[in-house]
Amino acid sequence: MKDRQSITWVGGKQALRSRGRAKLRVFNRPTDDSELPNVNESLRKALLECGTPSLEGVSPREEAIELLKLAAEIEHVLMVQYLYAAMSVPPTGPNTKAWTTLMSIAEQEMGHLISVQNLLLAIGGPGAIHFGRDRIRVTNPENPMPFMLEQVSTTALAKYLAIEMPAEVPANLKARVDPLVMIARQEGVKSHSVGALYAKLSWLFQPNDEPQAPLGLEPCASAGLFAKRHLKPADFISQAERERFEATRGDWVRGSVSKFILDDSVGDAQSALALISAISKQGEGLEGQDESHFEEFLALAEAYASGAVTVVALPTTPVASVPPPQDAGESTLIANVYSRAWAELFDIRYGLLVLDLWHAMATERGEARNALIMLAYENMTLVKSVAFHILSRRAENGAEDGAPPFGLADEEMPTGTHERWQKHARLLDKEAEIIARIQTSPEYTNAAGDLLDFAGYLLLDDILARDATRRKLLEDGLQRV
């Protein structure tokens, strides 16, 4: 399979809007809904409205791998946007519940992202692991969620609610939900499109055309559900290989993480379908359940509208030195030189975190993998610390536009172990340049050599100490290959 495939969106009104795009096939919508006899009315409407994503000229296994990579990028970008929104809510007093909810949802999106890696591993091996964010998503004709970092607002929460909305909204919630969905659609958010992606994945993972619980899908070419197009048992890697690389709860869940989906091994069609359903029910999918992301965002939107949530103004999609994704639209260059340097440092730590996650899951079980997982956990703490240091300095004169940019300069993962460690080295070398710039800034020390940014000093000291461990692992890793 080519490294880059052109994903088209089959069927539905969205595909009609995309007529004329290169490589896009448009399938006519059915004149009636008899092609989906076992699907409930809400699910039928969502599928016929959205259609499903599709790749031409590839096997079901190859199509599933590329669509899972798209799903990974969507989960990644949602996680980042929810984290940024949480940073606009001071985590104290009456805001505590709102902040905790946003952070919890972001953590659960991390669970989705890692669970998708297990699905990729199950049919593509460790070479299919994908922690990217913008390679496939931004070129999709029906990009479900354009990149935008924004503070909590009615509009932002409406968009998040629409993305997470199930096919069937409970009747007692519709009057509260419909106005928010209207706001989201005016902002270009496509309800149910992520759910349609997971529905298509469910179809590909079905063992045959017979309806499978809970969606009950049957062949419907106009919705992209093509007869006899499913993965075969031979498309799954062996249990021995899977167990060498699979992410487990023991590896990735530490401390108190609520409702983090990462429980079951994925070795066949039924276990894959169960995992896809679990992700869908918690958020983004067409299935619904109590205490889902959808219901949590509805509660947040209503709390915000009532004045129960206070927000700190943050710039929209801040930028340090890494250009935002091409679908970002509005962005804000961080003008304050000192804040921008810290924001560049944030981007390096974020890039290292993505690399840590990717490198760890692509490494078979053992001491090297455990060390990479430990790096990832330490880096999560550092990413958070750098973000809050940037935000804490916004009260300084001229630093009001300071915010964590989540710039991802290079999301390609080298295939060789030596090349992966070299990427660690390149990022660390770039980080050293940025730290030197921070340490020679007048905001860090004055002309007399007096330390002015004591919190920044402590944070840099922590980063450098942890990087000493990383560099030792890097040296050992380069020597082993």
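All residue numbers refer to position in the chain's written sequence, counted from 1. Only residues with pLDDT of 70 or above have their local features reported here, since the model is predicted, and side-chain atom pairs are shown and tallied only from 80 upward, although totals for entire chains, interfaces and linings are computed over all residues. To obtain the side-chain values, all non-hydrogen atoms of the structure were included, while hydrogens and water were left out.

## Considerations on the pattern of salt bridges
Stage number 1. What makes a salt bridge here is a side-chain nitrogen of Lys or Arg within 4 Å of a carboxyl oxygen of Asp or Glu, nothing more. Evaluated as defined, the whole model comprises 23 salt bridges.
Stage number 2. Residue Asp134 is joined to Arg133 by a salt bridge in which the shortest nitrogen-to-oxygen separation is 3.0 Å.
Stage number 3. Its relative accessible area of 2% is what places Arg133 among the buried residues.
Stage number 4. For Arg242, the salt bridge identified is with Glu246, shortest N-O distance 3.8 Å. The residues Arg242 and Glu246 share a single accessibility class, namely buried. Exposed residues in this analysis have more than 50% of their type's maximum accessible area, buried residues have under 20%, and partly exposed residues fall in between, with area computed by a 1.4 Å probe over protein chains only.

## Some points on the side chain of Lys423
Stage number 1. In this fold, Lys423 is placed in helix H14 (residues 417–439).
Stage number 2. By relative accessible area, which is 7% here, Lys423 ends up buried.
Stage number 3. Polar contacts, as used here, are pairs of N or O atoms within 3.5 Å; protein pairs need one atom able to donate a hydrogen and one able to accept it. Residues neighboring in sequence count only if both atoms are side-chain atoms. Among the polar contacts listed, one links the side chain of Lys423 to the backbone oxygen of Glu412, at a separation of 2.6 Å.
Stage number 4. Any pair of residues with heavy atoms lying within 4.5 Å of one another is described as a contacting pair. Those residues in contact with Lys423, other than ones at most four positions away along the chain, are Leu355, Asp410, Glu411, Glu412 and Pro414. Numbering of helices and strands runs from the N terminus, with a helix taken as a DSSP run of H or I at least four residues long and a strand as a DSSP run of E at least two residues long.

## Some thoughts on helix H12 (residues 337–361)
Stage number 1. Helix span, as expected, comes to 1.5 Å for every residue beyond the first. Spanning 25 residues, H12 covers 36 Å between terminal C-alpha atoms, matching the ideal 36 Å at 1.5 Å per step.
Stage number 2. In terms of residue burial, H12 counts as a mostly covered element, since 23 of its 25 residues are buried.

## Topic: unusual backbone geometry
Stage number 1. Of the consecutive residues Ala213 and Pro214, the connecting peptide bond is found in the cis state with omega at 5 degrees.
Stage number 2. With respect to the helices and strands, Pro214 occurs in the loop between helix H7 (193–205) and helix H8 (239–245).
Stage number 3. Residue His192 is not a glycine yet carries a positive backbone phi of 75 degrees.
Stage number 4. Looking at where His192 falls in the secondary structure, it is placed in the loop between helix H6 (174–186) and H7.
Stage number 5. For His192, a relative accessible area of 12% gives the class buried.
Stage number 6. In this structure, Lys228 takes a positive phi of about 60 degrees despite not being glycine.
Stage number 7. Structurally, the position occupied by Lys228 is in the loop between H7 and H8.

## Thoughts on the packing of helix H5 (residues 154–164) against helix H11 (residues 293–305)
Stage number 1. Note on geometry: axes are C-alpha line fits, over the in-contact stretch for helices, and angles between N-to-C directions span 0 to 180 degrees. Between H5 and H11, whose axes approach to 8 Å, the crossing angle comes to 165 degrees. With respect to H11, the element H5 is oriented roughly antiparallel. Crossing geometry of H5 relative to H11 is assigned as left-handed. Of H11, the residues touching H5 (which contributes Thr154, Leu157, Tyr160, Leu161 and Glu164) are His293, Phe294, Phe297, Leu298, Leu300, Ala301 and Tyr304.
Stage number 2. Gly is put with the polar residues, along with every residue not named as nonpolar or charged; the nonpolar set is Ala, Val, Leu, Ile, Met, Phe, Trp, Tyr, Cys and Pro, and the charged set is Asp, Glu, Lys and Arg. The residue makeup of the contact of H5 with H11, split by class, is nine nonpolar, two polar and one charged. In what follows, roughly perpendicular refers to angles from 65 to 115 degrees, roughly parallel to angles under 35, roughly antiparallel to angles over 145, and oblique to any angle outside these ranges. A crossing counts as left-handed when the near helix is turned anticlockwise from the far one by less than a right angle, and as right-handed when that turn is clockwise.

## A look at the nonpolar core
Stage number 1. In this structure, Phe205 and Trp252 are the most contacted members of the largest nonpolar core, which totals 135 residues.
Stage number 2. Looking at which element gives the most residues to this core, the answer is helix H3 (residues 60–87), with 18 residues.
Stage number 3. Aside from chain neighbours lying at most four places away, what touches Trp252 is Ile114, Ala247, Leu262, Leu357, Ala360, Met361, Arg369, Ile373, Ala376 and Tyr377.
Stage number 4. Working definition of a nonpolar core: buried Ala, Val, Leu, Ile, Met, Phe, Trp, Tyr and Cys residues. They are joined through side-chain atoms within 4.5 Å. Listed in part, the 13 residues of the second largest apolar core include Ala46, Ala199, Leu215 and Ala223.

## Concerning empty space enclosed by the protein
Empty space among the atoms can be located by rolling a probe the size of a water molecule over them.
Stage number 1. Any residue with an atom within 4 Å of a point lines the site, the site being either a cavity, points on a 1 Å grid over the protein atoms alone where a 1.4 Å probe fits but cannot get out, or a pocket, an open set with protein on both sides within 12 Å along at least 5 of 7 lines. Grid points are joined across faces, edges and corners, and a volume is the space filled by probe spheres set on the points. Evaluated as defined, the whole model comprises three cavities of 30 Å³ or more.
Stage number 2. Taken together, Ser202, Gln206, Gln212, Ala213, Pro214, Leu215, Leu217, Leu273, Ile276, Ser277 and Glu287 form the lining of the largest cavity.
Stage number 3. The element best represented in the lining of the largest cavity is helix H10 (residues 269–282), accounting for three residues.
Stage number 4. When the residues that make up the lining of the largest cavity are grouped by side-chain class, the tally is six nonpolar, four polar and one charged.
Stage number 5. In this model, the second largest cavity occupies a volume close to 40 Å³.
Stage number 6. In this structure, the second largest cavity is lined by Gly195, Tyr198, Ala199, Ser202, Leu215, Ile276, Ser280, Gly285, Leu286 and Glu287.
Stage number 7. Breaking the lining of the second largest cavity down by element, the ones donating at least two residues are H7 and H10.

## Describing H10
Stage number 1. With 14 residues, H10 should reach 20 Å at 1.5 Å per residue; the first-to-last C-alpha distance of 20 Å fits that figure.
Stage number 2. Judged by how many residues are buried, H10 sits mostly within the fold: 10 of 14 residues are covered.
Stage number 3. Regarding H10, the residues found buried are Ala269, Ser271, Ala272, Leu273, Leu275, Ile276, Ser277, Ile279, Ser280 and Gln282.
Stage number 4. Buried residues along H10 sit against H3, helix H4 (96–124), H7 and H11.
Stage number 5. Looking one or two residues beyond H10, the residue adopting positive phi is Glu284, at roughly 75 degrees.

Any link to function would need more than the numbers given here.
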